[in-house]
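Examination of the molecular architecture
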Amino acid sequence: MGSAQSAAEAANSVHSYDAVVIGAGVSGMYQLHRLRELGMSALVLEAGSGVGGTWYWNRYPGARFDSESYTYGYSWSEELLAEWDWTERFSSQPENLKYLEFVADKFELRRDMRFDSRVTTAHYDRAANCWEVETDDGFRTRSTFLITALGPLSIPVLPKIDGIEDFAGPSFHTSNWPKEEIDFTGKRVAVIGTGATAVQLIPEVAKTAGRLSIFQRNPNWCAPLHNGPIDQAEMDDIKTRYQEIFETCNDTFAGFAHVPDRRKALEVSAEEREELWERLWGEPGFGIWMANFRDVLVNEEANALMTEFAATKIRDRIDDPVLAEKLIPTNHGFGTRRVPMETNYYEVYNQPHVELVDLNETPIEAVTENGIRTSDQEREFDYIIYATGFDAVTGGFDRIDVRGIDGVRLRDVWAAGPRTYLGLQIAGFPNMFTLVGPNNAATFCNMPRCIEQNVDWVTEFLRYLQEHGLTRAEATEEAMDAWGEHVVTSGDRMLFTKVNSWFTGVNTNIEGHDERRFLLYAAGLPVYREKADEVTANRYEGFVLS
Ligand code: FAD
Ligand code: NAP
């Protein structure tokens, strides 16, 4: 189904399905495929004009995986694995989108998708046991099941700065990057933000911009990506090892192919520490974060040693020692926020046309018609780029008027922080499943590995309901409370729960998001899978089925 619905048709009819899925990214695409296997009628509603989710929206130069490409792709089709060749170890957005479009073509997913359809309301009708969903163009559906695949990082947020509307030139958030190519040659460009997105974008823009000003509030601990091509021989070899690769990922804490070192940093000699850190620093990808000593992300003393190692690496690459200190984080330790993976990021600051504007020294006062005014001066720009992040994990839910039994609003239920069972369901909202929902292992993961677990689990649950003539499943309050306790206890030991970031839901640009609300799940994929499988084995304990 295309988006060419006439307005009249959209306004007058209500379309019925067994299941409606919101979102056509990695999660929604796979969920649709599996719903078809169950013989269910299903429709995916997607705000964008095509499939791909993250890889549809984030078209900024430099956007690429920080997961190894061949660990990110879907694992569930032998044919697909055999047919697709990745060309880079960490492939770029155009290739990633092409891959997801290839999957959509191969499995004919688009015929059950409606694009340019942003869901605005989702109300549960208790008497009819169904979900009524409406989009921004008035398209309405009714379905027994509602599956949200809204994305953990799909709601871009602009900074709360006066005058953003006043800028006369082009300006955009990295996640709303225009589809047409932008030529920055000789232009004066501002980038606000220094998270993973900015760290990928900045070296690319620096290549051609006439002047590049980077507005930094807090630096992050970045590590070298070490990207490289995958030639046909290596790809052929990867294809013979796919099963082993996915098994490794599924056995690790966060679904990556990087296996943690079993030793503790505090129990080995300084030489042994250096040896591992130098090796991991020189290897491609997240090894330095995920394959590190096992106390680095849980013990402050161990973390401080690793942090000092990373600081030395930054100092080595910045010519001006004063500037180097500005690029070294002081408000959090290494790895306690998502580590931005970089390619020539630090070297950019040694170039004469690049300037770091430290907002701790000279805060932004306003965006003006011609540029940006900080406390000391006004700079003129041709482009302003906002790399200022997302309303993470709960943002997609907050932008839909979701109401459960008796019209209770999800926004109210989650006012003090999200509450879920397994990160997949909420008491009072029967038959609604939340893929990559808050406090679900998928939020801290090489995501497709966890997404497949989520989708497979939900699909088997739906199959169970079908086979037992059941049509309604609702998590209990008690199950949700117990899950909440497990989330808090397992999070307590992790240093990243003690730091402000999107992991802990802190966002100064959003009203009411200044307190920490842990949005992730910190016991890791294997424990999560075990707990979810236990629920299945115990005939969906924690749910009321009817
Ligand atoms: P998404 O891909 O975000 O898809 C959600 C879809 O839902 C979107 O298309 C959105 O338009 C749609 N939607 C949301 N609300 C509505 C609504 N109300 N109505 C209709 N449609 C709606 N993860 C990794 O594991 N490895 C990586 O290398 C990696 N790189 C990333 C790079 C960037 C720049 C970003 C932003 C994220 C990255 N991630 C990465 C995380 C990434 O989000 C996941 O890997 C994955 O794409 C999530 O898939 P999803 O389908 O759950 O969500
Ligand atoms: P982010 O990590 O939340 O970073 C946002 C940046 O904007 C931060 O530097 C933040 O500064 C800054 N900022 C926000 N509001 C500001 C304001 N009002 N004034 C000045 N600066 C402001 O967002 P992101 O970089 O888009 O990354 C989000 C996540 O997406 C990543 O953690 C990762 O999971 C994923 N991602 C992955 C890749 C990849 O390598 N594959 C690439 C991009 C994104 P503060 O730190 O001071 O808040």
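The structure under discussion appears in the preceding block.
Calculation notes
Residues numbered from 1 in each chain as written. Chains lettered and ligands numbered in written order. Predicted model: local features only at pLDDT ≥ 70, side-chain atom pairs only at ≥ 80, totals over all residues. Heavy atoms only, no water. Helix = DSSP H or I, 4+ residues; strand = E, 2+ residues; numbered from the N terminus. Rg over C-alpha atoms; globule rule 2.2 N^0.38 Å. Buried < 20%, exposed > 50% of the residue type's maximum accessible area, 1.4 Å probe, protein only. Areas by Shrake-Rupley, 256 points an atom, 1.4 Å probe, with all protein chains shown as cover. Phe/Tyr/Trp six-rings, centres within 6.5 Å; stacked < 30°, edge-to-face > 60°. Near = heavy atom within 4 Å. Polar contact = N/O pair within 3.5 Å; in protein donor to acceptor, adjacent residues only side chain to side chain. Domains from an automatic or database assignment. Nonpolar A, V, L, I, M, F, W, Y, C, P; charged D, E, K, R; others polar. Disulfide = S-S within 2.5 Å. Pairing = 2+ DSSP bridges. Patch = residues over 30% accessible without salt bridge, like charges linked within 9 Å, V, L, I, M, F, W, Y side chains within 5 Å. Salt bridge = Lys/Arg side-chain N within 4 Å of Asp/Glu carboxyl O. Lys, Arg positive; Asp, Glu negative; His and termini not counted. Charge placed at Lys NZ, Arg CZ, Asp CG, Glu CD. Right-handed = clockwise from strand over helix to strand, strands pointing away. Axes fitted to C-alpha atoms, helices over the stretch in contact; angles between N-to-C directions. Parallel < 35°, antiparallel > 145°, perpendicular 65-115°, else oblique. Contact = heavy atoms within 4.5 Å.

Examining the overall build of the chain
When you go through the chain residue by residue, the secondary structure sums to 19 helices and 20 strands. Since a compact globule built from 546 residues should have a radius of gyration of about 24 Å, the 23 Å found for the chain is in line with a globular shape. Considered along the principal axes of its C-alpha atoms, the chain spans approximately 70 × 55 × 50 Å. The buried share of the chain, taken over its 546 residues, is 58%. Carbon together with sulfur atoms contributes 47% to the accessible area of the chain, which is approximately 21700 Å² in total.

Let's talk about the packing of aromatic side chains
In the structure shown here, the tally under the stated rule is 48 aromatic pairs. When the ring of Phe172 is compared with that of Trp177, the centres are 4.7 Å apart and the planes differ by 75 degrees; the resulting orientation is edge-to-face. Classification of Phe172 by relative accessible area gives buried; the value is 11%. Taking the relative accessible area as the measure of exposure, Trp177 reaches 6% and is therefore buried. Ring centres of Trp483 and Tyr528 lie 5.9 Å apart, and the angle between their planes is 75 degrees; on these two criteria the pair is classed as edge-to-face. A residue pair is termed long-range when its members are at least 10 positions apart, and Trp483 in helix α18 (residues 477–492) and Tyr528 in helix α19 (residues 525–537) qualify at 45 residues. Assigned by exposure class, Trp483 and Tyr528 land together as buried.

Let's talk about the site of ligand 2
Inspection of the region around ligand 2 gives 24 residues, with Arg64, Thr197, Asn218, Trp502 and Asn509 positioned closest. At 3.0 Å from an oxygen atom of ligand 2 is found a main-chain nitrogen or oxygen belonging to Ala196. Between Arg217 and ligand 2, the recorded distance is 2.8 Å, taken from a side-chain N or O atom to an oxygen atom. Sort the elements by how many residues they give to the shell around ligand 2 and helix α7 (residues 196–206) lands first, with 3 residues. Here the shell around ligand 2 gathers at least three residues from each of two domains, domain 1 (7–155 + 392–545) and domain 2 (223–386).

Structural notes on the site of ligand 1
Residues in close proximity to ligand 1 total 33 residues, the closest being Ser27, Glu46, Ser67, Tyr72 and Met447. Within the backbone of Val119, a nitrogen or oxygen atom sits 2.8 Å from a nitrogen atom of ligand 1. For ligand 1, an oxygen atom lies 3.4 Å from a polar atom in the backbone of Ala149. Protein burial of ligand 1: of its 980 Å² of free accessible surface, 96% is covered by the chains. Looking at the shell around ligand 1, the elements with two or more residues in it are α2 (26–37), α3 (54–57) and α17 (447–467). The element contributing the most residues to the shell around ligand 1 is α3, with 3 residues. Looking at the shell around ligand 1 residue by residue, the classes come out as 19 nonpolar, 11 polar and 3 charged.

Focus on the state of the cysteines
Per the counting criterion, the structure on display carries 1 disulfide. Shown here is the disulfide that connects Cys445 with Cys450, its sulfur atoms set 2.0 Å apart. Of note, the bridge from Cys445 to Cys450 carries an S-S torsion of about 75 degrees and is right-handed in sense. Using a relative accessible area of 1% as the deciding quantity, one classes Cys450 as buried.

Things to note about the pairing of strand β13 (residues 364–367)
Taken together, the 3 bridges between β13 and strand β14 (residues 371–374) define a ladder with antiparallel strand orientation. By the bridge assignment for β14, Ala366 is matched with Arg373. Linking β13 back to β14 in an antiparallel pair, the connection comprises 3 residues.

Quick look at a negative patch on the surface
A surface patch of like charges, here negative, comprises Glu530, Asp533, Glu534 and Glu541. Its place among the elements puts Glu534 in helix α19. When its relative accessible area of 39% is taken as the criterion, Glu534 is described as partly exposed.

Remarks on the pairing of strand β2 (residues 42–45)
Residues Ala42 and Val44 point to one face of β2 and Leu43 and Leu45 to the other, with burial holding for every one of them. Bridge analysis of strand β1 (residues 14–22) against β2 gives 4 bridges, and the strand direction is parallel. Its bridge partner being in β2, Ile22 is matched across the sheet by Leu45. Between the parallel pair β1 and β2, the chain is carried across by α2, and the sense of this crossover is right-handed. Where β2 and strand β3 (residues 113–114) come together, 2 bridges link them in parallel fashion. Across the sheet, Leu45 pairs through a bridge with Arg114, a residue of β3.

Structural notes on the packing of helix α9 (residues 242–251) against α19
α19 packs onto α9 with a crossing angle of 85 degrees between their chain directions and a minimal axis gap of 7 Å. With respect to their mutual orientation, α9 and α19 come out roughly perpendicular. Residues Cys249, Asn250 and Asp251 of α9 touch α19, and the partners they reach there are Leu525, Pro526 and Arg529. In terms of residue class, the contact of α9 with α19 is made up of 3 nonpolar, 1 polar and 2 charged.

Note that every value here comes from positions in space, so none of it alone points to a role or purpose.
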